[in-house]
Amino acid sequence: MKIPRDLPQFENDKAIFIVTGKQNATFHLAHKGELTKLAEFKIETPSYSDKEGSSMNRGGGITFGFGWVLEKNKREETKDFLKQLEETSRKILAKQGATKIYLFSPQYILASAKETMKNIAGSKVEMRTFSGNYTRVHPLKLLEELKGRNERRTEKNKSTLIKEEARKILEKRRK
């Protein structure tokens, strides 16, 4: 799809947008005014039967406690997700030759996903992260988010420069 003119066009860069959730990820390429969906995957949640993992503690004819161990093995699911993220990312980065990576991920998985991407891309690819739930957000909204963050950074840098100039003027007056 075409990127609207008021959003970043990525004329000289190939930017990969990676949007992750807890068990799914989507990959988009932004280059020369075009935004293309490259790949997506989803790790299925295992289902459990009603009485799987039930336990009961008894002694002397009295039941002390009972319950079911139906809680999902979150570590195993996260491990599977990160493995699939790594495999898919390696294929895409090798094929596309990206110069920038924008990672949109929830806070609880952001650090792990960022570390995985750093291991794949190394220091040659610029990477920026966005914390939050972006799984149902349209790709153009991701570009708007990027544009907004770039504008905020520019404003912050301008205010820092003004403060630096003011400091120099004040130093001249003191002398």
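Please read these numbers as outputs of a predicted model, since none were measured by experiment.

Draft legend 1. Structural view of the side chain of serine 105. One can find serine 105 in strand E6 (residues 100-105). Under the relative-accessibility criterion, serine 105 is labelled buried at 0%. Not counting residues up to four positions away in its chain, the partners in contact with serine 105 are Thr20, Leu110, Ala113, Phe130, Ser131 and Gly132.

Draft legend 2. A look at the packing of helix H1 (residues 74-96) against helix H2 (residues 107-121). Two elements in contact, H1 and H2, have axes whose closest approach is 10 Å; the angle formed by their N-to-C orientations is 35°. Every pair of crossing elements has a handedness; the one defined by H1 and H2 is right-handed. Residue-level contacts link Thr78, Phe81, Leu82, Leu85, Glu86, Ser89, Arg90 and Leu93 of H1 to Ile109, Ser112, Ala113, Thr116, Met117, Ile120 and Ala121 of H2.

Draft legend 3. Seen up close, the packing of aromatic side chains. One pass over the structure, following the stated rule, counts nine aromatic pairs. When the centroid spacing of 6.0 Å and the interplanar angle of 15° are considered together, the rings of phenylalanine 17 and phenylalanine 104 count as stacked. Placement of phenylalanine 17 in strand E1 (residues 15-20) and of phenylalanine 104 in strand E6 is noted, with a sequence separation of 87 residues between them. Among the aromatic residues, those joined into a ring-pair cluster are Phe10, Phe17, Tyr102, Phe104, Phe130 and Tyr134.

Draft legend 4. Focus on the pattern of salt bridges. Under the criterion given, the structure shown has five salt bridges. With its nearest N and O atoms 3.3 Å apart, the salt bridge here joins aspartate 13 to lysine 100. Of this pair, aspartate 13 sits in the segment before E1 while lysine 100 sits in strand E6, placing them 87 residues apart in sequence. According to the relative accessible area criterion, aspartate 13 is partly exposed, its value standing at 23%. Take lysine 100: its relative accessible area is 18%, and that puts it in the buried class. The residue glutamate 40 makes a salt bridge to lysine 37 at a minimum N-O spacing of 2.8 Å.

What counts, and at which threshold
- Residues numbered from 1 in each chain as written.
- Predicted model: local features only at pLDDT ≥ 70, side-chain atom pairs only at ≥ 80, totals over all residues.
- Heavy atoms only, no water.
- Helix = DSSP H or I, 4+ residues; strand = E, 2+ residues; numbered from the N terminus.
- Buried < 20%, exposed > 50% of the residue type's maximum accessible area, 1.4 Å probe, protein only.
- Contact = heavy atoms within 4.5 Å.
- Axes fitted to C-alpha atoms, helices over the stretch in contact; angles between N-to-C directions.
- Left-handed = near helix turned anticlockwise from the far one by under 90°.
- Phe/Tyr/Trp six-rings, centres within 6.5 Å; stacked < 30°, edge-to-face > 60°.
- Salt bridge = Lys/Arg side-chain N within 4 Å of Asp/Glu carboxyl O.

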